[in-house]
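Structural overview
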Amino acid sequence: MTQYTWIKNGLVIDPANDREAIGDVFIQDGLIVDSLNDAEKKEATHFDAKGLVVAPGLVDIHVHFREPGQTHKEDIASGSRAAAAGGYTSVVCMPNTSPVCDNAGTLERINNSIEKEAVINVYTTGCLTMGMKGEELAPTGQLKQAGIVAVTDDGLCIQNNEIMRRSVEYATLHNLPIMDHCQDGSLTENAVMHEGEVSLKLGLKGWPRAAEDIVVARNIILSELTGARIHMQHVSSYHSVELLRNAKAKGINVTGEASPHHIEFTDACIGDYNTLFKMNPPLRTDKDRLALIEGLKDGTLDCIATDHAPHSPTEKDCEFDKAPFGIIGLENALASTLETLYHSKELSLKEVIALMTHKGAEICDLTAGTLSVGVAGDVCIFDPDQKWTVDAEAFKSKSRNCPWNGRTLRGQVKATFVGGKEIFRLR
Amino acid sequence: MSRVLTWEKQNLISIEPLSLAEIQTIFSLARYYKEGTESGQLKFDALEGRTVINLFLEPSTRTRLAFEIACKRLSADCISVSGGASSLSKGESLKDTAQNIVALGADVIIMRHSSSGSADYLSKTVDTPIINAGDGSHAHPTQALLDTFTLTERLGDVNNKKVTILGDILFSRVARSNIHCLLKLGAKVTLAGPNTLVPKEFEAMGVTVSHNLKDALEDADAIMLLRIQHERQTSTHFPSIGEYTTSFGLNERRAHWIKPNAVIMHPGPINRGVEIDSKLADSSNSVILEQVKNGVFVRMAILHLCHAAHTKTEISLPK
């Protein structure tokens, strides 16, 4: 039996197709179609989207679902449900699981779990180097055959420039993008927050911008040398934005992402050592925050990615320098990004949706983030003005390490569809 | 005739939340204990029957002993626990350790810890008075209070006096707490030392940063020296102890730059011949041992006040 879905009367915003108008979205057997005939419409599952925005399902190319190995923090079942509740229909998981994803066997295990447990499209990445140790190359070809969409040693930036050069060069043989967490480890030993006035006051070891900037510069140089597509993860420094802007102007094949927290918060948010604001790279200053927003506006930064990094409440409930880095954001990313970019009048709704859908998908060559005819019927339906209060206790995620907890934000996801099937509805 | 002190803060985590009046209250109670002790009273009953836990998770001689003696003079039972001997070395969290100490009946917890912010964290975890005896590079409020108490004994009012802090400021909790305390008392604070240990960004705290030793010492009313912790964090921050001494050590020649009767201070432990010339450490300008002595009285005052705040009692002193 053919399945039909009819999403009616919403404000359809599909930036990839330059569509922004009140209208309908039709899905037939999981794929977007132009229209349904009267008989099909009668049979279809209806969703009345009047007064709501109908957008492509959101895409996040940077999440940690912790499976295998750290499933007390998150797993593919809980992570994908958290994503669905946030309007996401496609995510790209980082390979720093336990064991790390540096071989096809581990990847197969992850793929099996995705097959069984995921309610959205969960994509995988493979390590650049074995054990993420930065010493020898991982079997990129075998990993690609098993389905990865990018290679990265996220969290453990390769320090040796020869290894980095060869691993990005080799990745291009398999036409894979490289995603890099840009951090010079020698400049950040024991560092737990941005180096500046706030770290001096709190007596905490600082992580200077230079540690990111040096690696961003290196990656630009290596991209120019090898032609590799290098994507800079969670850019946090204003200077890195400038480096990327210049590199792009020269036609070098590099991209960058910004996270919702880096465009909203600063190091001052740490206040009295609040570990919910401890992440890597760290929150920086207003100057950086505003430069990131400028970067998103002029295309220097390509997309928004959450770096959803779950940690259990016990792990974050300790002395600041002992707490793990990272926060979760999938379930409120749309709202917080709308606050920072749309309600603040920095960008239009369509531009924000582009940053959260097809722009990221393009970096990893995903067929996602559009409502083009023939693609999967992945849809996010939301009210951009609806206020709600973030309650981490109610999250689908297993973790609660969310710095937005308790904040009232505008922008509420009402329903999420994957392949025409409703997988989330706000109750 | 008596005077009554009221105190509302059961924790002493850092200097920042204290008002000038509160700092003066601490000083006046410390003075009461100092005068009492010097006139022959060896025991006071303020904390009689109370249990104070000295949780020292980092090495310390002076501070730990001063707290122990302060407790004993106040008639409290004081038990010291050190890092290696505690369950923290078995993987117990600080929160669990603290809750166990409270369950055992602690009335006050004094803690030294290597993590900045740990004392603040502890105070949010348990409802027992917490006294910070040093947390990472963040704060060492009792040291700052005893330093400024000693300074006011020598200089009278420190308002508008030039106080220079010289040495490893970057990693120093003593410096940070003294900056806050001196500024509240109206002093003009200059920080000096190599730029790698005294970054300009400290000026956001309201101090002057100088990398020129002569400028920093010129006309200073007091100088606080800090130990160079070259064995710890500072190994990449300057070349060697010898180089430090050559460029920033306080010797007799440089001592001429400060005022003739300027006060020389050091929180200890001192490295003679490194940050300070041995003769200067023993000179009449030096109050180094006076600081140690006052450390007991200031800590008696703080223990008494924090406990009074917790039990909501007033302190009445003979006029």
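The structure presented is a predicted model; accordingly, all values stated were derived computationally and were not measured.

Focus: the overall build of chain B
- Counting its secondary structure elements, chain B contains eleven helices and eleven strands.
- Against the globule reference of 20 Å for 319 residues, chain B gives a C-alpha radius of gyration of 19 Å, in line with a compact fold.
- Oriented by its inertia axes, the alpha-carbon framework of chain B measures out at about 55 × 55 × 35 Å.
- Residues counted as buried form 57% of the 319 residues belonging to chain B.
- Counting only contacts in chain B whose residues sit at least 6 apart along the sequence, the fraction spanning at least 24 positions is 74%.
- Put simply, chain B has 34 plus and 34 minus side-chain charges, and the middle of one group is 2 Å from the middle of the other.

A closer look at the interface of chain B and chain A
- Facing the 21 residues of chain B at the interface are 15 residues of chain A.
- Taken together, the links from chain B to chain A amount to two salt bridges.
- We note a salt bridge from E16(B) to K201(A), for which the minimum N-O separation is 3.5 Å.
- Linking chain B with chain A are ten residue pairs in polar contact (both at pLDDT 80 or more), by the criterion used here.

Focus: the packing of helix α5 (residues 141-155) of chain B against helix α11 (residues 288-311) of chain B
Residue and element names in this part refer to chain B.
- Interaxial distance between α5 and α11 falls to 8 Å at its minimum, and their mutual angle equals 115 degrees. Once α5 is placed against α11, the crossing between them reads as right-handed. In contact with T142, Q143, L145, L146, D147, F149, T150 and E153 of α5, α11 contributes E290, Q291, N294, G295, V298, R299 and I302.
- Residue composition of the contact of α5 with α11, by class: five nonpolar, six polar and four charged.

Description of helix α2 (residues 62-73) of chain B
Residue and element names in this part refer to chain B.
- With twelve residues, α2 should cover 16 Å at 1.5 Å per step; its first-to-last C-alpha distance of 16 Å lies within 8% of that length.
- Listing the buried residues of α2 in full gives T63, A66, F67, E68, A70 and C71.
- S75 occupies a position one or two residues after α2 and carries a positive phi of about 70 degrees.

Some points on a nonpolar patch on the surface
- Nonpolar side chains collect at one region of the surface, where L137(A), Y170(A) and L173(A) lie side by side and expose about 280 Å² of accessible area between them.
- Mapped onto the elements of the fold, Y170(A) is located in helix α5 (residues 161-173).

Comments concerning the nonpolar core
- Formed by 94 residues in total, the largest nonpolar core has its most connected members in I26(B), I110(B), L145(B), I165(B), L191(B) and L303(B).
- Counting residues per element, this core draws most heavily on α11(B), which supplies twelve residues.
- Here this core spans two domains, and each of domain 1 (2-140 + 292-318) and domain 2 (142-291) of chain B adds at least three residues to it.
- Once residues lying within four places of it in the same chain are set aside, the contact partners of I110(B) are V52(B), I53(B), N54(B), L55(B), F56(B), F67(B), C71(B), I131(B), A133(B) and L303(B).
- Counting residues in each nonpolar core, the second largest holds 72 residues, with V53(A), L143(A), V168(A) and A228(A) among its members.

Considering the pattern of salt bridges
Residues and elements named next belong to chain A.
- Throughout the structure, instances matching the rule amount to 32 salt bridges over all chains.
- For K297, the salt bridge goes to E294, with nearest N and O atoms at 3.6 Å. On the criterion of helical spacing, the pair formed by K297 and E294 is a turn pair, its members being three residues apart in helix α10 (residues 286-298).
- With a relative accessible area of 36%, K297 lands in the partly exposed category.
- Judged by relative accessible area, which is 38%, E294 ranks as partly exposed.
- The shortest N-O distance in the salt bridge between E346 and K297 comes to 2.7 Å. One end of the pair, E346, is in the loop between α12 (333-343) and α13 (349-356); the other, K297, is in helix α10, and 49 residues separate them in sequence.

Structural notes on the packing of helix α2 (residues 76-85) of chain A against helix α3 (residues 104-117) of chain A
All names here are of chain A.
- As a packed pair, α2 and α3 sit with axes 9 Å apart at the nearest point and diverge in direction by 55 degrees. It follows that α2 is oblique to α3 by the angle criterion. Classified by chirality, the crossing of α3 by α2 is right-handed. For the pair α2 and α3, the contacting residues are I76, A77, S80 and R81 in the first and I110, S113, I114 and E117 in the second.
- Its residues assigned to classes, the contact of α2 with α3 comprises four nonpolar, two polar and two charged.

Side note on the environment of N212(B)
Residues and elements named next belong to chain B.
- Structurally, N212 is set in the loop between β8 (208-210) and α7 (213-217).
- Along the primary structure N212 and S286 are separated by 74 residues, whereas in three dimensions their C-alpha atoms are 23 Å apart.
- A polar contact is formed between the side chain of N212 and the backbone nitrogen of D215, at a distance of 3.1 Å.

What counts as what
Residues numbered from 1 in each chain as written. Chains lettered and ligands numbered in written order. Predicted model: local features only at pLDDT ≥ 70, side-chain atom pairs only at ≥ 80, totals over all residues. Heavy atoms only, no water. Helix = DSSP H or I, 4+ residues; strand = E, 2+ residues; numbered from the N terminus. Rg over C-alpha atoms; globule rule 2.2 N^0.38 Å. Buried < 20%, exposed > 50% of the residue type's maximum accessible area, 1.4 Å probe, protein only. Contact = heavy atoms within 4.5 Å. Lys, Arg positive; Asp, Glu negative; His and termini not counted. Charge placed at Lys NZ, Arg CZ, Asp CG, Glu CD. Salt bridge = Lys/Arg side-chain N within 4 Å of Asp/Glu carboxyl O. Polar contact = N/O pair within 3.5 Å; in protein donor to acceptor, adjacent residues only side chain to side chain. Axes fitted to C-alpha atoms, helices over the stretch in contact; angles between N-to-C directions. Left-handed = near helix turned anticlockwise from the far one by under 90°. Nonpolar A, V, L, I, M, F, W, Y, C, P; charged D, E, K, R; others polar. Expected span 1.5 Å × (residues − 1). Patch = residues over 30% accessible without salt bridge, like charges linked within 9 Å, V, L, I, M, F, W, Y side chains within 5 Å. Areas by Shrake-Rupley, 256 points an atom, 1.4 Å probe, with all protein chains shown as cover. Core = buried A, V, L, I, M, F, W, Y, C linked by side-chain atoms within 4.5 Å. Domains from an automatic or database assignment. Parallel < 35°, antiparallel > 145°, perpendicular 65-115°, else oblique.

Without other data, these values stay purely geometric and don't point to any function.
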